[in-house]
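These are the residues of each chain, in order.
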Amino acid sequence: MMQAQLQGQGKKIGIVVAQFNDLVTDRLLNGATNTLNQFGVAPADIEIIKVPGAFEIPRMARILGESKQVDGVIALGAVVRGETPHFDYVCDATARGIAEVSLNGPVPVMFGVLTTDTMAQALNRAGGKGGNKGSDCATGVLQMISLQAQMA
Ligand SMILES: Nc1c(NC[C@H](O)[C@H](O)[C@H](O)CO)[nH]c(=O)[nH]c1=O
Ligand SMILES: CC(=O)[C@@H](O)COP(=O)(O)O
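The sections below set out a description of the structure shown in this document. All figures in this text were calculated on a predicted structure; none of them were measured in a lab.

Turning next to the environment of Asn104. Relative to the helices and strands, Asn104 resides in helix 3 (residues 86-104). With 71 residues separating them in the primary sequence, Asn104 and Thr33 have C-alpha atoms 25 Å apart.

Here you go:
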């Protein structure tokens, strides 16, 4: 069975993070960067791109992934339901876009976009009792990079 190595030394990771709901996304970003550092990724090897909102993540994730400057990308955002169906459209477009970039692009892209009914639910998953989705994506991207390298 193929075993992924969570080896961060020398790996270059891109993070595309939405500024919308930055009370949450800043925590996701901290979780991701701290975990990457713990697994050996140097701070200088983490390229962070901030976009207005989750809807803008796929485009920058594609550009970054195709730039040959990173081995993997982490997409971070927090979409919190409001009064209108806008939540559904933003979530669907963002998820589809990130999935397409990961499937069709050269590097793995992790889906670290929270889609919650309340801000409390989002905060719980950004360093609260629900863990930190950003940290989860950090270990996940290193795992995916390792698996992809073994298949090359
Ligand atoms: N409501 C949320 C948004 N909405 C903004 C969109 O993501 C996008 O930036 C705008 O429609 C312009 O294209 N974004 C989030 O990340 N989270 C939300 O809760
Ligand atoms: C997810 C959203 O776009 C949402 O925050 C927008 O809020 P509203 O539906 O009340 O306009």
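Attention now goes to the layout of surface pockets. Considering only enclosed or pocket space, the largest pocket measures out at about 290 Å³ in volume. Breaking the lining of the largest pocket down by element, the ones donating at least two residues are strand 3 (72-80) and helix 3. Of the residues forming the lining of the largest pocket, the biggest block, 4 residues, is contributed by strand 3. Partitioned by chemical class, the residues of the lining of the largest pocket number 10 nonpolar, 6 polar and 2 charged.

Before going further, it helps to examine the packing of helix 2 (residues 57-66) against helix 3. Their axes nearest at 8 Å, the elements helix 2 and helix 3 cross at an angle of 10 degrees. As summarised for this structure, helix 2 and helix 3 are arranged roughly parallel, according to the angle between their axes. At the point where helix 2 passes helix 3, the crossing takes the right-handed sense. The residues of helix 3 that touch helix 2, namely those facing Ile57, Pro58, Ala61 and Arg62, are Ala93, Thr94, Gly97, Ile98 and Val101.

The next point concerns the packing of helix 1 (residues 22-38) against helix 5 (residues 133-151). Where helix 1 contacts helix 5, the axes come no closer than 6 Å and their chain directions differ by 40 degrees. It follows that helix 1 is oblique to helix 5 by the angle criterion. Considering only the axes of helix 1 and helix 5, their crossing is right-handed. Within the contact between the two elements, helix 1 uses Leu28, Gly31, Ala32, Thr35 and Leu36 and helix 5 uses Lys133, Gly134, Ser135, Ala138, Thr139, Val141 and Leu142. Partitioned by chemical class, the residues of the contact of helix 1 with helix 5 number 6 nonpolar, 5 polar and 1 charged.

A sheet is described by the order of its strands in space; here 4 strands give the open sequence 2-1-3-4, paired in parallel fashion. Only two strands of the sheet have a single neighbouring strand rather than two, namely strand 2 (46-51) and strand 4 (109-116). Along the sheet, successive strands turn relative to each other by an average axial angle of 15 degrees, direction set aside. Across 8 bridges, strand 3 lies against strand 4 in parallel orientation. Looking across to strand 4, one finds that Ile74 is bridged to Met110. Sheet strands touched by helix 3: strand 3 and strand 4. Its angle to strand 4, the strand with the most contacts, is close to 170 degrees.

The subject of this paragraph is the site of ligand 2. In the region of ligand 2, the neighbouring residues are Val79, Val80, Gly82, Glu83, Thr84, His86 and Phe87. Thr84 places a side-chain nitrogen or oxygen 2.6 Å from an oxygen atom of ligand 2. Interatomic distance of 2.4 Å between a side-chain N/O atom of His86 and an oxygen atom of ligand 2. Expressed as a share of its isolated accessible area of 330 Å², the protein-covered part of ligand 2 is 70%.

Now for helix 5. An ideal rise of 1.5 Å per residue puts 27 Å on 19 residues; helix 5 measures up with 27 Å between its terminal C-alpha atoms. Turning to helix 5, its buried residues are Gly134, Cys137, Ala138, Gly140, Val141, Leu142, Ile145 and Ser146. Looking at the buried positions of helix 5, the neighbouring elements they touch are strand 1 (13-18), helix 1, strand 3, strand 4 and strand 6 (131-132). In this structure Asn132 caps helix 5, since a side-chain oxygen of it lies 2.7 Å from the backbone nitrogen of Gly134.

Procedures and definitions
Residues numbered from 1 in each chain as written. Chains lettered and ligands numbered in written order. Predicted model: local features only at pLDDT ≥ 70, side-chain atom pairs only at ≥ 80, totals over all residues. Heavy atoms only, no water. Helix = DSSP H or I, 4+ residues; strand = E, 2+ residues; numbered from the N terminus. 1 Å grid on protein atoms, 1.4 Å probe; cavity = no way out; pocket = protein on both sides within 12 Å on 5 of 7 lines; lining within 4 Å. Points joined across faces, edges and corners; volume = space filled by probe spheres on them. Nonpolar A, V, L, I, M, F, W, Y, C, P; charged D, E, K, R; others polar. Axes fitted to C-alpha atoms, helices over the stretch in contact; angles between N-to-C directions. Parallel < 35°, antiparallel > 145°, perpendicular 65-115°, else oblique. Left-handed = near helix turned anticlockwise from the far one by under 90°. Contact = heavy atoms within 4.5 Å. Pairing = 2+ DSSP bridges. Near = heavy atom within 4 Å. Polar contact = N/O pair within 3.5 Å; in protein donor to acceptor, adjacent residues only side chain to side chain. Areas by Shrake-Rupley, 256 points an atom, 1.4 Å probe, with all protein chains shown as cover. Expected span 1.5 Å × (residues − 1). Buried < 20%, exposed > 50% of the residue type's maximum accessible area, 1.4 Å probe, protein only.

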